[in-house]
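Per-entry structural report
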Amino acid sequence: MDIAVLSGLIILVMLVIMLVAGMPIAVALGVSSICAILPILNFEATVVTGAQRIFSGISVFSLLAIPFFILAGNIMNKGGIAVRLINLAKLVTGRAPGALAQTNVVANMLFGSISGSGTAAASAMGSIIGPIEKEEGYDPNFSAAANIATAPTGLLIPPSNVMITFSLVSGGTSVAALFMAGYVPGFLWGLACMLVIYVLAKKKGYQSTSRFTGKEALQVLLQAIPCLLLIVIVIGGIIFGIFTATEGSVVAVVYSLILSLFFYKSIKLKELPQLFKESAEMTGIIIFLIGVSSIMSWVMAFTGIPTAISDGLLGLTNNKFIILLIINILLLVVGTFMDMTPACLIFTPIFLPVCAALGMNTIHFGIMMIFNLCIGTITPPVGTTLFVGVRVGNVKIETVFKQLLIYFAAIFIVLLLVTYIPQISLWLPGLMGYV
Amino acid sequence: MKALNTLRKGMDRILSSACFVIFAFMVCIGTYQIVVRYFFNSPSTVSEELLTYSFTWMALLSSAYVFGKRDHMRMGFLADKLTGQKRLALEVAIEVLILAFAVIVLIFGGIRIMDLTMTQVTASLGIPMGTVYTVVPLSGVLIVVYTVINIIDLCAGRIEPGDTEETQE
Amino acid sequence: GTVSGRKRIVRISHAQSETHPEHLGLLAFKEYVEDNLGDRYEVQIFPNEILGAAQRAIELTQTGAIDFVVAGTANLETFASVYEIFSMPYLFDSVEAYHETMMDTDYMEQIYESTDEAGFRVMTWYNAGTRSFYAKTPIETPDDLKGKKIRVQQSPASVAMTQAFGAAASPMSFGEVYTAIQQGVIDGAENNELALTNNKHGEVAKYYAYNNHQMVPDMLIANLKFLEGLSDEERKIFTDAARISTEVEMENWDEQVAEAKRIAEEDMGVQFSEVDVEAFKEKVLPLHEQMLEENPKIRDFYSHIQEVNKESGQEKGEDES
Ligand code: NA
Ligand code: NA
């Protein structure tokens, strides 16, 4: 039997069994990859390759942005930035039908854009706006669905850790270019959901009564400026060459530390070690996975698995429209069962060559793939953001899922737009001179 | 039994403190790198490598710590439905596989790669590459100790089989 | 290495794209080996560092997971310090002297054997051209480099050289260079002409100065156990294949450099300038003494190269007169 097919089968079968059994994903990846090359290489070459791949998969400068953005997100979460952003979002959405839910969407986009985490957005926003919505007579399932459906926008609107991971696994695609490319798709996702909310809220008669006086509005705006400044400093600094994308993450940490320690005084110095330790833990989880999955990418390249799969896909048809549709559906299925980082690490080396052969730009492919996997974070059975949103919204998965279906339809339409209209992703990076 | 608990707590404390120290160090070096290049026009020739390797150490040590807490990302949608003896057997089997992976890849492979690279020096710091690689077998040993304690605790009923959190991103 | 069915799969890893001269040279290697030993060997080439960046790929070659790898001499320095000599600026007086030294297979063989203890042997060399500076602003004299932030490879010798020129050496990973120049994090870099087109640096750095500070070859290395396991007949075929791959690579190199220069000039608007090389040389010549002092292992090779320099200088003089 062909080496690629044999190794592919070993990996697939072992991986599925171990994942279903509830093994840590990283270990399941490592064990199945090692077993796939043991029959080919000798024991020594196999274990050295394994150890070396883990190490070299981790010791990559651009990955440093991940712990730093996680730390910055945790500092901001604790530092009371969420509340200030909600007030600002309320000011923006005003008295539109379902204004509180619309506020939630805008706040998710703002907060997610800073913290780069869908779960952080879902928990922070859901737990603050949710109760207010209930008081105004909103159905909790309606509120939770709006919160859950839009929490992943922060993963598309930069900065975003999964884009950094993609940059690495796709062979060094510019992180700055990916960041720029995420803006429009992220906004479109948010807008599509706001449209759904508008229609639903109008039907249900959710109309806001709260109103800001001029003085209050000014105060809200002033209070939010330091938070917004963070976006300006980090993204602006990257674009104007004051620091690289990786260094931008350090700036985010330092800025949010100074803000919450000295200006808001919302974090005490002695609370810092705990914040660092929690961030280190989350880093350990993600980075170990990245390290071990680089064993798998190596084994796949070594045995020629991606080539076999892409040959198979391209042999099926050479209609670009159909192949992209197949890839999207495969990725959606993957996303329902798998978290973003491992899915990105495993499937980029498989699908990128296929799409590159079709003449697709790497940045465009990255955005399409991340968009897809973002949807996965809010679908059962494995959807971290969904779980968090359900928990803070005090609802049941079954009932909120029914409400979510219409959002899925809207998001899926945006996905198709992102897939088939490259300009949605490439316009902004092109404007900045990255493409 | 009490000794085991003390061992686990001690390792936890040492590891999480080590991660805090390295992480804080990384923030300082990262800031230093930007400041000296942008404001003093003298780029640091060592900071990038120092940052990368500190980060690698921090990430591997903290991932060992997370193995102790049994908190690595997993898919529980089927496994969590099992209960009782079956669940216990499954969880013990998982710990055994983690242990095997740590021994074979991280410890065996890690020590061999250290041997291979002791004469190599890193590009800008000039320290032996083998020294930098030490963290691989080190984290392997830590994971082995944690999994052994986990297995004993699981069998003695001191930790519930389902006592693993669904991790958030 | 692997045995699949009857055939032994020979795996070669390198860092370049599939259109790079080195890849084309390796295709010739594959063709020659398979034409002669096709019943026993299948050669697979892995481009773009997919099996690991050079230093890591060498480690895998030591264990035999990979059979051949193309790596820069900087990657070999830690296994045999004689390779440090190639980072010496202005080591060769001319391209002719460089090629003549590297083509002298009998002399080079003793250098190639110096990594045997580490479990691998150099099979042949590939031309990687001449390195010069390029930046966002013109570089006409060494003074133009003063205070500029220049990306260099992460090696102490490159840092020392760039600092001797008066520039601020900024070692960063190659993949970050494009955006770093574009955004002004650094002012320029140093490389051969292909970096302008293959890596698109010509889009962001418009001035390329031919100060020619280094000629650094790439090396094709092989797992020693693999070589020793070959029969005499097979060994000869692999050796010949390596030689042929160098010939093909060199032809393609010259063509591609000419093409790169044309594209950079016409499509990207890069200005190439011939500068007073002697003025640049003066700045860094003290590094020769310093390096010879620090590393006795390069002394023999250094004086051998000086002889070649002298001879080829004389020939050149005779041709011109
Ligand atoms: Na974000
Ligand atoms: Na999902």
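Residues numbered from 1 in each chain as written. Chains lettered and ligands numbered in written order. Predicted model: local features only at pLDDT ≥ 70, side-chain atom pairs only at ≥ 80, totals over all residues. Heavy atoms only, no water.

**Quick word on the packing of helix α4 (residues 65-78) of chain A against helix α14 (residues 272-303) of chain A**
All names here are of chain A. Packing of α4 against α14 leaves a shortest axis separation of 9 Å and a crossing angle of 145°. Along this stretch, α4 crosses α14, giving a crossing that reads as right-handed. Contacts between α4 and α14 involve I66, P67, I70, L71, N74, I75 and K78 from the former and L275, F276, E278, S279, M282, T283, I286, I287 and I290 from the latter. The residue inventory of the contact of α4 with α14, partitioned by class, reads eleven nonpolar, three polar and two charged. (Axes fitted to C-alpha atoms, helices over the stretch in contact; angles between N-to-C directions. Helix = DSSP H or I, 4+ residues; strand = E, 2+ residues; numbered from the N terminus. Left-handed = near helix turned anticlockwise from the far one by under 90°. Contact = heavy atoms within 4.5 Å. Nonpolar A, V, L, I, M, F, W, Y, C, P; charged D, E, K, R; others polar.)

**Regarding the confidence of the model for chain C**
Predicted confidence across chain C gives a mean pLDDT of 90, with 95% of residues reaching 70 or more. For this predicted complex, the interface score ipTM comes out at 0.87, alongside a pTM of 0.83. (pLDDT = per-residue confidence, 0-100.)

**Description of the sheet that holds strand β12 (residues 271-274) of chain C**
Within a sheet, each strand pairs with its neighbour through backbone hydrogen bonds, oriented either parallel or antiparallel. All names here are of chain C. With mixed pairing, the six strands of this open sheet are ordered in space as β8-β7-β9-β6-β10-β12. Two strands close off the open sheet at either side, each with one partner strand: β8 (168-171) and β12. Going across the sheet, the axis of each strand differs from the next one's by a mean of 35°, ignoring polarity. As paired elements, strand β6 (residues 131-135) and strand β10 (residues 207-214) share four bridges and run antiparallel to each other. In the strand pairing of β10, R131 is matched with Q214. (Pairing = 2+ DSSP bridges.)

**Quick word on helix α5 (residues 105-112) of chain C**
Residues C:Y107, C:M108, C:I111 and C:Y112 constitute the buried set of α5(C). The buried residues of α5(C) occupy an angular sector of 140° when the element is viewed end-on, so they sit on one face. (Buried < 20%, exposed > 50% of the residue type's maximum accessible area, 1.4 Å probe, protein only. Arc of directions from axis to C-beta.)

**Some remarks on the pattern of salt bridges**
Residue and element names in this part refer to chain C. All chains considered together, the criterion is met by 27 salt bridges over all chains. Put simply, R121 and E109 hold a salt bridge, and the shortest N to O gap is 3.6 Å. Pair noted here: R121 is in strand β5 (residues 120-126) and E109 is in helix α5, with a separation of twelve residues, a long-range link. R121 sits in the buried class, given a relative accessible area of 11%. For the salt bridge of K236 with D240, the shortest nitrogen-to-oxygen distance reads 2.7 Å. On the criterion of helical spacing, the pair formed by K236 and D240 is a turn pair, its members being four residues apart in helix α10 (residues 232-266). On the accessibility criterion, D240 (14% relative accessible area) is buried. (Salt bridge = Lys/Arg side-chain N within 4 Å of Asp/Glu carboxyl O.)

**Considerations on the pairing of β5(C)**
Residue and element names in this part refer to chain C. Where burial is concerned, most of β5 is hidden: seven out of the seven residues are buried. Pairing analysis gives six bridges linking β5 to strand β11 (residues 218-223), with the strands arranged antiparallel. Bridge pairing links V122 to I221 in β11.

**A word on a negative patch on the surface**
All names here are of chain C. There is a patch of like negative charges on the surface, built from E96, E100, D104, D106, E307, E311 and E315. Elements with a contribution of two residues or more to the negative patch: α4 (95-103) and α13 (299-320). Along the chain, E311 falls in helix α13. The exposure class of E311 is partly exposed, given its relative accessible area of 40%. (Patch = residues over 30% accessible without salt bridge, like charges linked within 9 Å, V, L, I, M, F, W, Y side chains within 5 Å. Areas by Shrake-Rupley, 256 points an atom, 1.4 Å probe, with all protein chains shown as cover. Lys, Arg positive; Asp, Glu negative; His and termini not counted. Charge placed at Lys NZ, Arg CZ, Asp CG, Glu CD.)

**Structural notes on the interface of chain B and chain A**
Taken together, the contact pairs 60 residues of chain B with 68 residues of chain A. For the pair chain B and chain A, the two sides together bury roughly 5,600 Å², of which 78% comes from carbon and sulfur. Joining chain B to chain A, the criterion identifies two salt bridges. The salt bridge partner of B:K69 is A:E281, with a shortest N-O separation of 3.1 Å. On inspection of chain B and its partner chain A, the count reaches six residue pairs in polar contact (both at pLDDT 80 or more). Elements supplying a minimum of two residues to the side of chain B that touches chain A: α1 (2-38), α2 (47-69), α3 (84-117), α4 (129-133) and α5 (135-155) of chain B. (Buried area = accessible area lost by both parts, 1.4 Å probe. Polar contact = N/O pair within 3.5 Å; in protein donor to acceptor, adjacent residues only side chain to side chain.)

**Quick notes on the interface of chain C and chain A**
Listed by partner, the interface residues are 24 residues for chain C and 27 residues for chain A. Each partner contributes to the roughly 1,900 Å² buried at the junction of chain C and chain A, and carbon and sulfur atoms together form 58% of this total. Counting across the interface, chain C meets chain A through zero salt bridges. At the surface where chain C touches chain A, the tally comes to four residue pairs in polar contact (both at pLDDT 80 or more). When residues of the side of chain C that touches chain A are traced back to their parent elements, those giving at least two are β1 (2-4), β2 (7-13), β3 (41-46), α2 (54-63) and α7 (177-183) of chain C.

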